[in-house]
Structures are given as C-alpha cells and as structure tokens.
Amino acid sequence: MEFESPITIALAKGRILKDTLPLLKHAGIELRDDPDTSRKLILDTNIDAVKVVLIRATDVPTYVQWGAADLGVSGKDTLIEHGGDGLYEPLDLQIAKCRLMVAGHPGARLDGQRLRIATKYVKAAKQHFAAKGQQVEIIKLYGSMELAPLVGLSDLIVDLVESGNTLKANGLVPLEFVMDISSRLVVNKASWKMKHETIIALVESLAEVING
Ligand code: PRP
C-alpha cells in the first residue's frame, strides 16, 4: 500500500498493541523498534511516512481528537468514557474482546435504589442503571475495582470481564451484562478529510484482514 501522506498511529502498550501489530503487518506496516525493550515513545516503522506513538489507553482518543495522532486503536469502553468528540470510528477491529459487567458478591441485590457502584466506567455505568430506571450512587475509581465490595466501599462494581479469573480470585461473580467490548479504529475528523486516500487505503486493508 502507498502512503501519500505521513500518518501517526496512537496505540496503547499491552493487549491492544499486541493484537494490533499483526493487523498492521498485514497492511504492510511493521515496527522497527521493539516496544518491549525500547523506551522510545515515538516508534519508527518500515515505512518512513508512518510513525507509531505509544501512550496510555485512556489517552488514545484524546491524542486522536486533537490531531496529535491521525488515527489510533481504542477500546469501546474507553471511547464511551471519552465521548467520541472529534473522532470517526470506522472499524471494529474485533480484538481485545471482553464484556462490561455488573459484578459483586454472589447473590448480591441488583435491583435496589441508591446502590453504590464503584467503577472506572462512569458514563457506561450511569447509562446502564438509568436505562433500568434505577437511581444509583457512582463511585469513580481508577483501577482494582474488585477491592471495592470486599472492603465495603461499594455494593457492586461495573468492570471489564474477560476470563472471569480476577472476579473469581476475589470471591466475586458477574451478575448482569452491560455490553460487549472490542477495540475500534478511531480517526481524527480533519485527518479523515485531509489525508483521505491514505487513511481509506489503510482502513480497507485492515477491514480485509478482519473479514479474512
Ligand atoms: C481488567 C479488568 C479486570 C480484569 C478482568 O483489568 O479491570 O480487573 O482485566 O480480566 P479477567 O476477567 O480475565 O480476569 P486490566 O488488567 O485491563 O487492568 P486495569 O485494572 O488497569 O483496567
């Protein structure tokens, strides 16, 4: 594939990076630097016009929104919390799949009013309980949500569940489905217009890989 315009791709270290690299490889893009050993934040690829920036998962939509990166890969959970301003979301990459769930102690009450819900996913949790007509108190946390019901900080949590091992290890269970989560390709709206051919070619190439 030809790159007529230089592009910067924002990725988050960890699972998203690991699952995105094979997709990019199919589109002809390979990292020159090893993200596991390199401390660089701007990585070169085999194509001079394509750079990859490595940032925190929650910062990916922000970098793309402000055009500091033309595109990026972000979990649907992160996108919902960000709000999606200034972004197009042209492709579900079908990677880093998991579920957003309400979880708690086995048999915990789900239907009460004024339940305390600890979560990093405030918007998604608010929407979920509002749709059920339930007034709840949301407690914003930044990680280790599983601890909250164990120490009496909250009645329930809303968290991502993949294997379910983290819940199990802490004596908790998934209680109610909120939504399916996967990672999405996000594109800056101005880049989408200004670098249309390059971005469309990349989107099509990635779509081909995903659809086999
Ligand atoms: C997520 C999530 C759970 C765990 C679920 O955390 O918040 O803690 O993974 O996975 P499991 O069902 O396979 O056990 P992550 O490792 O992404 O770190 P975080 O706490 O920074 O979100």
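See the structure shown above.
Worth saying up front: this structure is predicted, and the values here are computed from it rather than measured. (Residues numbered from 1 in each chain as written. Predicted model: local features only at pLDDT ≥ 70, side-chain atom pairs only at ≥ 80, totals over all residues. Heavy atoms only, no water.)

Chemist: Describe the site of the ligand, naming the residues involved and giving the relevant values.
Modeler: The full set of residues close to the ligand is K120, E146, D159, L160, V161, E162, S163, G164, N165 and T166. Measuring from an oxygen atom of the ligand, one finds a side-chain N or O atom of D159 at 2.8 Å. Here an oxygen atom of the ligand sits 2.4 Å away from a polar atom, N or O, in the side chain of T166. When the ligand is considered free in solution it has 500 Å² of accessible area, and contact with the protein chains removes 61% of it. Considering each element in turn, the shell around the ligand owes the most residues, 3 residues, to strand β9 (residues 156–161). A breakdown of the residues in the shell around the ligand according to their chemical character gives 2 nonpolar, 4 polar and 4 charged. (Near = heavy atom within 4 Å. Polar contact = N/O pair within 3.5 Å; in protein donor to acceptor, adjacent residues only side chain to side chain. Areas by Shrake-Rupley, 256 points an atom, 1.4 Å probe, with all protein chains shown as cover. Helix = DSSP H or I, 4+ residues; strand = E, 2+ residues; numbered from the N terminus. Nonpolar A, V, L, I, M, F, W, Y, C, P; charged D, E, K, R; others polar.)

Chemist: I'd like a rundown of the sheet that holds strand β10 (residues 173–181), residues and numbers included.
Modeler: One open sheet accounts for 5 strands, arranged β8-β7-β9-β6-β10; its pairing is mixed. The two strands at the open ends of the sheet, each matched to only one other strand, are β8 (136–140) and β10. Each strand axis lies, on average, 25° off the axis of its neighbour in the sheet, ignoring direction. Here strand β6 (residues 98–104) pairs with β9 via 6 bridges, running antiparallel. Paired with V102 across the bridge in β9 is V158. Each of β6, β7 (115–119), β8, β9 and β10 touches helix α4 (residues 122–131); the most contacted strand, β8, lies at about 170° to it. (Pairing = 2+ DSSP bridges. Axes fitted to C-alpha atoms, helices over the stretch in contact; angles between N-to-C directions. Contact = heavy atoms within 4.5 Å.)

Chemist: Describe the pattern of salt bridges, listing the residues and the values that go with them.
Modeler: Pairing between side chains of opposite charge can happen when their charged atoms approach one another. Within this structure, the stated rule accounts for 11 salt bridges. Measuring nitrogen to oxygen at the nearest pair gives 3.2 Å for the salt bridge that ties D70 to K195. Note that D70 is positioned in the loop between α2 (60–65) and β4 (71–75) and K195 in the loop between α7 (189–194) and α8 (196–210), a separation of 125 residues in sequence. Here D70 falls in the buried class, since its relative accessible area comes to 5%. (Salt bridge = Lys/Arg side-chain N within 4 Å of Asp/Glu carboxyl O. Buried < 20%, exposed > 50% of the residue type's maximum accessible area, 1.4 Å probe, protein only.)

Chemist: Explain the side chain of S154 residue by residue, including any values.
Modeler: With respect to the element layout, S154 can be found in the loop between α5 (147–150) and β9. Engagement of the side chain of S154 in a polar contact is seen with the backbone oxygen of L156, the distance being 2.8 Å. In contact with S154, other than residues within four places in its own chain, are R116, I117, A118, A148 and P149.

Chemist: Outline the nonpolar core, listing residues and values.
Modeler: Among the nonpolar cores identified, the biggest contains 29 residues, and I9, L11, I29, L185, L202 and L206 are the most heavily contacted of them. Put simply, the parts of the chain that give this core at least two residues each are β1 (7–12), α1 (15–26), β3 (50–55), β4, β11 (183–188) and α8. Per-element accounting of this core gives the leading share, 5 residues, to α8. In terms of nonpolar packing, the next biggest core, distinct from the first, is built from 26 residues, I117, F129, L167 and I181 among them. (Core = buried A, V, L, I, M, F, W, Y, C linked by side-chain atoms within 4.5 Å.)

Chemist: Explain α1 residue by residue, including any values.
Modeler: For α1, the full list of buried residues reads I16, L17, D19, T20, L23 and L24. The secondary structure elements touched by the buried residues of α1 are β1, β3, β4, β11 and α8. Following α1 by one or two positions, G28 has its phi on the positive side, about 90°.

As far as function goes, none of this settles anything; it's purely spatial.
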